[in-house]
Amino acid sequence: MLMLSTVTFPATSAAEFVKKAIEELTNNPYPEFTKRDYYFKFSGEGLVMYIIYDIAAGNEEAALRDINERIFKFSNAIDGFKPTLEPLIGFEDAFSLINMTAPEQ
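My aim in this report is to walk through the structure given alongside it, one point at a time.

Structural notes on the sheet that holds strand S2 (residues 34-43)
Alright, step 1. Here we have 4 strands laid out as an open sheet, ordered S2-S3-S1-S4, and antiparallel in their pairing. The open sheet terminates on both sides in strands that have one partner only, identified here as S2 and strand S4 (82-88). With direction set aside, neighbouring strand axes in the sheet form an average angle of 15°.
Alright, step 2. Bridge count for strand S1 (residues 2-9) against strand S3 (residues 46-55) is 8 bridges, and the pairing is antiparallel. Paired with Ser5 across the bridge in S3 is Ile51.

Things to note about the pairing of S1
Alright, step 1. Summarising burial for S1: 7 of the 8 residues are buried, a large majority.
Alright, step 2. Here S1 pairs with S4 via 7 bridges, running antiparallel. Bridged to Thr6 within S4 is Thr84.

A word on the packing of aromatic side chains
Alright, step 1. As enumerated under the stated definition, the model contains 6 aromatic pairs in all.
Alright, step 2. When the ring of Tyr30 is compared with that of Tyr53, the centres are 6.0 Å apart and the planes differ by 50°; the resulting orientation is tilted. Residue Tyr30 is found in the loop between helix H1 (14-27) and S2, and its partner Tyr53 is found in strand S3; the two are separated by 23 residues along the sequence.
Alright, step 3. Classification of Tyr53 as buried rests on a relative accessible area of 2%.
Alright, step 4. One aromatic cluster is present, formed by Phe9, Phe17, Phe74 and Phe81 through successive ring pairs.
Alright, step 5. Over the ring of Tyr30 we find Arg70; its NZ or CZ atom is 3.8 Å from the centre of that ring.

Conventions and cut-offs
Residues numbered from 1 in each chain as written. Predicted model: local features only at pLDDT ≥ 70, side-chain atom pairs only at ≥ 80, totals over all residues. Heavy atoms only, no water. Pairing = 2+ DSSP bridges. Helix = DSSP H or I, 4+ residues; strand = E, 2+ residues; numbered from the N terminus. Axes fitted to C-alpha atoms, helices over the stretch in contact; angles between N-to-C directions. Buried < 20%, exposed > 50% of the residue type's maximum accessible area, 1.4 Å probe, protein only. Phe/Tyr/Trp six-rings, centres within 6.5 Å; stacked < 30°, edge-to-face > 60°. Lys NZ or Arg CZ within 6 Å of the ring centre and 35° of its normal.

Shown next, in the form of structure tokens:
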């Protein structure tokens, strides 16, 4: 299962965010069944971070609970922290929703 988290926070909170993220990842590493990729950009609202979670089958409930607990911690600790979390579907699954076979990539 793929999940996308989009997090926005003011640039003035960036140092505080990095400090909190290092502390959290050191003291509470992600479980093995939750792989992540991080991407960043700057916008008019500050820093935007995209995290794509790849959750191993059979671990969805535990992973989503863990991810939401982390989001909640940051929401309470970082001023201006605005998170979202939403499911993603892959290329082939998107085609199957409209009863089509995905072309070869």
